[in-house]
Amino acid sequence: MSTKSTSGSAAGRLSVFKTYKLYVGGKFPRSESGRVYEVTDSKGKWLANAPLSSRKDARDAVVAARKAFGGWSGATAYNRGQILYRVAEMLEGRREQYVREVADAEGLSKSKAADQVDAAIDRWVWYAGWTDKIAQVVGGGNPVAGPFFNLSSPEPTGVVAVLAPQESSFLGLVSVVAPVIATGNTAVVIASERSPLPALSLGEVLATSDLPGGVVNVLSGRTAEIAAPLAAHQDVNAIDLAGADEVLAKELEIAAADNLKRVLRPQPVDNWSADPGTDRMTAFLETKTVWHPTGSLGASGSAY
């Protein structure tokens, strides 16, 4: 068979398959073990090989997330909002790619996959708008008896391990990751075990959207295998069990109790497109309360 091609013809071209990699610390490493596993569509057709992350990959991701936490939590809320909006801009430019990947991953028609991708882009914009507003909702001045100012303000919890939903490979993923980083936390994300490709592709967008390396780290592989060391890790401050089944969730809760991690238990979600509210943002916020004298000037009650 001849492989000769003419100018402008695709005849004889070698197919260029995409190599999916992890996203850790702003870089794209393969799993340190070198392992991969086959990802198939809803009909069993091979789509790609995805990295099979190891415990070492999980530990490396935590190191990257902790290193990024100081800069990200110290950034202004307005700046975080700008960066989240930039993620939405980048996704809009690659919309067709994600429609194709979501359709393959979840066995959806192109129109339904497009709805999921559009909702995911809108979700980034929604959380971008919340970054500089959530403090007014959950913080403020408290009335106290005595000549004191008493002010409560929210602060990020720290490094959050996130088990992405298993069924909603992209919209569900965005719905659990965006609120974590919108409030100044950093994240180690375990992608859907069956459908990890949209999550791994998201890393390419995050890398080019001004998001500092390490703020979001994306791992793929066996959820239980990766989640176990993260739940027990002493430098992980919280864990979202959205993608865990009942048995795994219980095991991870027990492991997380050892260092008093915040744990967000799995919650049934019928429609990831619905208004998410603020619960996932407040789940990973700590409240700092400061007392300060008002400067009472004497028995007259005057103060400044």
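Details of the structure are given in the entry above.
Below is a short write-up of the structure. For clarity, every value in this text was computed on a predicted model and none was experimentally measured.

Observations regarding the side chain of N185
Next, step 1: Looking at the secondary structure, you find N185 in the loop between α6 (171-182) and β6 (186-190).
Next, step 2: Judged by relative accessible area, which is 0%, N185 ranks as buried.
Next, step 3: Here the side chain of N185 touches T157 through a polar contact of 2.8 Å, landing on its backbone nitrogen.
Next, step 4: Sequence-distant contacts of N185, defined by excluding residues within four places in its chain, comprise F69, W72, P156, T157, G158, V160, V180, V215 and F284.

Remarks on the pattern of salt bridges
Next, step 1: All chains considered together, the criterion is met by 17 salt bridges.
Next, step 2: Taking the shortest distance from any N to any O, the salt bridge between D132 and K133 comes out at 3.1 Å.
Next, step 3: Residue classification places D132 among the partly exposed residues on the basis of a relative accessible area of 33%.
Next, step 4: Overall, K133 belongs to the partly exposed group, its relative accessible area being 43%.
Next, step 5: Within this structure, K18, R94, E101 and E204 form a network of salt bridges that share partners.

Comments concerning unusual backbone geometry
Next, step 1: One non-glycine residue, D210, lies in positive phi territory at about 75°.
Next, step 2: Inspection of the secondary structure assignment puts D210 in the loop between α7 (197-207) and β7 (216-219).
Next, step 3: Judged by relative accessible area, D210 falls into the exposed class, the value being 57%.
Next, step 4: In this structure, L260 takes a positive phi of about 60° despite not being glycine.
Next, step 5: One can find L260 in the loop between α9 (246-256) and β9 (262-264).
Next, step 6: Classification of L260 as exposed rests on a relative accessible area of 75%.

Here we look at the packing of aromatic side chains
Next, step 1: If you walk through the whole model with that rule in mind, you get five aromatic pairs.
Next, step 2: Their ring planes at 20° and their centres at 4.9 Å tell us that Y98 and F170 sit as a pair that is stacked. Note that Y98 is positioned in helix α3 (residues 95-106) and F170 in the loop between β5 (159-163) and α6, a separation of 72 residues in sequence. Side by side, Y98 and F170 carry an identical accessibility label, which is buried.
Next, step 3: Through a chain of ring-to-ring contacts, three or more aromatic side chains come together here, namely W126, Y127 and W130.

Structural notes on the nonpolar core
Inside soluble globular proteins, nonpolar side chains tend to come together where they are buried.
Next, step 1: L91, W124, F170, I181, L202 and V216 are the most contacted members of the largest nonpolar core, which totals 62 residues.
Next, step 2: For this core, the element with the highest residue contribution is helix α4 (residues 110-130), accounting for ten residues.
Next, step 3: Ignoring anything within four residues of it in the chain, the contact list for I181 reads W72, R80, L84, W124, A187, L211, V215 and V216.
Next, step 4: In this structure, A61, A64, A161 and L230 belong to the second largest nonpolar core, which totals 25 residues.

Focus on α4
In an α-helix, one turn spans 3.6 residues; hence positions three or four apart end up facing the same way.
Next, step 1: Across its 21 residues, α4 extends 30 Å between first and last C-alpha, which sits within 8% of the 30 Å expected from 1.5 Å per residue.
Next, step 2: Along α4, the residues classified as buried are A113, A114, V117, A119, A120, I121, R123, W124, Y127, A128 and W130.
Next, step 3: Residues of α4 that are buried make contact with α2 (77-93), α3, α5 (134-138), α6, α7 and α10 (279-282).

Observations regarding the sheet that holds strand β4 (residues 148-156)
Next, step 1: The antiparallel open sheet is built from three strands, whose spatial order is β3-β4-β10. Of all the strands in the sheet, the pair left with one neighbour each is β3 (140-141) and β10 (285-293).
Next, step 2: Pairing between β4 and β10: nine bridges, direction antiparallel. Across the sheet, residue S152 finds its bridge partner in β10, namely T289.

Regarding α9
Next, step 1: Taken residue by residue, α9 has L248, A249, L252 and A256 as its buried positions. Within α9, the buried residues cover an arc of 100° as seen down the axis, which keeps them to one side. For α9, the exposed residues set more than 90 degrees away from the buried face come down to E246, V247, K250 and I254.
Next, step 2: Taken together, the buried residues of α9 touch β5, α8 (223-232), β8 (238-240) and β9.

Regarding the pairing of β5
Next, step 1: Among the five residues that make up β5, five are buried, leaving the element largely enclosed by the rest of the structure.
Next, step 2: Residues V159, A161 and L163 point to one face of β5 and V160 and V162 to the other, with burial holding for every one of them.
Next, step 3: Where β5 lies against β6, five bridges are found, and the strand directions are parallel. Residue pairing for β6: L163 is matched across the bridge by I190.
Next, step 4: Remark: the β5/α6/β6 crossover connection has right-handed handedness.

What counts and what doesn't
- Throughout, a residue's number is its position along its own chain's written sequence, starting from 1.
- Given that this is a predicted model, residues contribute local features only at a pLDDT of at least 70 and side-chain atom pairs are listed and counted only at 80 or more, while totals for whole chains, interfaces and linings are drawn from all residues.
- Where side-chain values are given, they derive from all heavy atoms of the structure, hydrogens and water being excluded.
- Where helices and strands are cited, they refer to DSSP runs of H or I of at least four residues and of E of at least two residues respectively, numbered from the N terminus.
- The rule is simple: take the accessible area with a 1.4 Å probe, protein chains only, and divide by the maximum for that residue type; under 20% is buried, over 50% is exposed, in between is partly exposed.
- In the analysis that follows, any N or O atom pair within 3.5 Å is treated as a polar contact, provided that within protein one partner can donate a hydrogen and the other can accept it, and provided that, for residues neighboring in sequence, both atoms belong to side chains.
- Residues are treated as being in contact if the distance between any of their heavy atoms lies within 4.5 Å.
- Salt bridges are defined by distance alone: a side-chain nitrogen of Lys or Arg within 4 Å of a carboxyl oxygen of Asp or Glu.
- Between 30 and 60 degrees the pair is tilted, below 30 it is stacked and above 60 it is edge-to-face, where a pair is any two Phe, Tyr or Trp rings, Trp via its six-membered ring, whose centres lie within 6.5 Å.
- As used in this record, nonpolar core signifies buried Ala, Val, Leu, Ile, Met, Phe, Trp, Tyr and Cys residues forming a set joined through side-chain atoms within 4.5 Å.
- Residue count minus one, scaled by 1.5 Å, sets the expected span of a helix.
- Strand pairing requires that DSSP identify at least two bridges connecting the strands.
- The arc in question is the one spanned by the directions pointing from the helix axis to the C-beta atoms.
- A clockwise path from the first strand over the helix to the second, with the strands pointing away from the viewer, defines a right-handed crossover.

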